[in-house]
Amino acid sequence: SLGVPDRLEALEALQELVEDVDNARDLMAAGGFAEVKGLLAAEEPRLQAGAAWVLGTAAQNDEALQSHLCSAEVDVMPGLARLFREAASAEVRAKALYAASALQRSHALGRRQFELAGGVHALVDALAGEAAASKLRLKSLTLLADLVAAAAG
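Okay, so let's go over this structure. From a predicted model like this one, the values you see are computed outputs, not experimental measurements.

### Comments concerning the overall build of the protein chain
Here is step 1: Summing up its helical and strand segments, the protein chain has 10 helices and zero strands in all.
Here is step 2: Secondary structure elements in the protein chain, listed N-terminal to C-terminal, are α-α-α-α-α-α-α-α-α-α.
Here is step 3: Rg of the C-alpha trace for the protein chain: 15 Å, near the compact-globule value of 15 Å for 153 residues, within the 12% margin.
Here is step 4: Considering only C-alpha atoms, the protein chain reaches an extent of 40 × 35 × 25 Å along its principal axes.
Here is step 5: Within the protein chain, counting contacts between residues at least 6 apart in sequence, those at least 24 apart form 65% of the total.
Here is step 6: Counting 14 positive and 21 negative side-chain charges, the protein chain places the centres of these two groups 7 Å from one another.

Right, here's the structure in full:
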């Protein structure tokens, strides 16, 4: 089994690769996103952040990837919402929010799963919390505004 530094390096390389939609689709076809999802539950916060970053990068590129990551087969939204709500690390919360945002942007199923996973309540809590980093608050507010606009549209 690989150690944390090797896994982090692999996640960085994977994140760069999935910036290209063709590579992200290849990873989807190979079933690789299930492995990345598993790292959302890792004990090491840096692995959680890296996994969320890979998922968010892949999801922002393609509706088919958004649908795959929201499918019952992979279903990453509950893990992302949990990290956004509960992670002690601000970096983990920010990367989880990034991925959750990418999954629901212009994607009704992603928005619904975000709501079902308690994402909206977590956004409100992040905005109300005095300890929240200002960058995380801004991202939370932006996503909340996007959700309101999508519901109105």
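That covers the picture; the talk isn't over yet.
### Describing helix α8 (residues 108-116)
Here is step 1: Those residues of α8 lying buried are G110, R111, Q113 and F114. For α8, the angular spread of buried residues about the axis comes to 165°, placing them on one side. Residues A108 and L116 are exposed on α8 and point more than 90 degrees away from its buried face.
Here is step 2: Check the buried side of α8 and you find it contacts α5 (63-70), α6 (77-86), α7 (90-104), α9 (119-128) and α10 (134-152).
Here is step 3: With its phi angle positive at about 85°, G118 sits one or two positions after the end of α8.

### Focus: the environment of D75
Here is step 1: Inspection of the secondary structure puts D75 in the loop between α5 and α6.
Here is step 2: According to the relative accessible area criterion, D75 is partly exposed, its value standing at 27%.
Here is step 3: Contact partners of D75, with chain neighbours within four places excluded, come to K37, L69, C70 and Q113.

### Examining the packing of aromatic side chains
Geometry of an aromatic ring pair is reported as the spacing of the ring centres plus the angle between the planes.
Here is step 1: Summed over the entire model, instances satisfying the criterion amount to zero aromatic pairs.
Here is step 2: Directly above the aromatic system of W53 lies the positively charged group of K95, at a separation of 4.4 Å from the ring centroid.

### Here we look at the side chain of H68
Here is step 1: Among the secondary structure elements, H68 is positioned in helix α5.
Here is step 2: Not counting the four nearest positions on each side in its chain, H68 is found in contact with M28, F33, E73 and V74.

### Things to note about the layout of surface pockets
Here is step 1: Considered as a void within the structure, the largest pocket measures approximately 170 Å³ in volume.
Here is step 2: Lining the largest pocket are R7, A10, L11, L14, G32, E35, V36 and L39.
Here is step 3: Every element with two or more residues in the lining of the largest pocket is listed here: α1 (4-17) and α3 (32-38).
Here is step 4: Class assignment of the residues belonging to the lining of the largest pocket gives a composition of five nonpolar, one polar and two charged.

### Thoughts on the pattern of salt bridges
Here is step 1: Summed over the entire model, instances satisfying the criterion amount to four salt bridges.
Here is step 2: E44 is paired through a salt bridge with R46; the nearest N and O atoms lie 2.8 Å apart.
Here is step 3: Measuring nitrogen to oxygen at the nearest pair gives 3.5 Å for the salt bridge that ties E115 to R112. Taken together, the positions of E115 and R112, both in helix α8 and three residues apart, correspond to about one turn of that helix.

### Here we look at the side chain of H107
Here is step 1: Position of H107 among the secondary structure elements: in the loop between α7 and α8.
Here is step 2: Among the polar contacts listed, one links the side chain of H107 to the backbone nitrogen of G110, at a separation of 3.1 Å.
Here is step 3: With residues near it in sequence (within four places) discarded, H107 still touches E63, Q66, S67 and C70.

### Remarks on the nonpolar core
Here is step 1: Formed by 46 residues in total, the largest nonpolar core has its most connected members in F33, L55 and L80.
Here is step 2: Leaving out residues up to four positions away in the same chain, L55 has contacts with F33, V36, L40, L69, V76, L80 and A99.

Procedures and definitions
- Residues numbered from 1 in each chain as written.
- Predicted model: local features only at pLDDT ≥ 70, side-chain atom pairs only at ≥ 80, totals over all residues.
- Heavy atoms only, no water.
- Helix = DSSP H or I, 4+ residues; strand = E, 2+ residues; numbered from the N terminus.
- Rg over C-alpha atoms; globule rule 2.2 N^0.38 Å.
- Contact = heavy atoms within 4.5 Å.
- Lys, Arg positive; Asp, Glu negative; His and termini not counted.
- Charge placed at Lys NZ, Arg CZ, Asp CG, Glu CD.
- Buried < 20%, exposed > 50% of the residue type's maximum accessible area, 1.4 Å probe, protein only.
- Arc of directions from axis to C-beta.
- Phe/Tyr/Trp six-rings, centres within 6.5 Å; stacked < 30°, edge-to-face > 60°.
- Lys NZ or Arg CZ within 6 Å of the ring centre and 35° of its normal.
- 1 Å grid on protein atoms, 1.4 Å probe; cavity = no way out; pocket = protein on both sides within 12 Å on 5 of 7 lines; lining within 4 Å.
- Points joined across faces, edges and corners; volume = space filled by probe spheres on them.
- Nonpolar A, V, L, I, M, F, W, Y, C, P; charged D, E, K, R; others polar.
- Salt bridge = Lys/Arg side-chain N within 4 Å of Asp/Glu carboxyl O.
- Polar contact = N/O pair within 3.5 Å; in protein donor to acceptor, adjacent residues only side chain to side chain.
- Core = buried A, V, L, I, M, F, W, Y, C linked by side-chain atoms within 4.5 Å.

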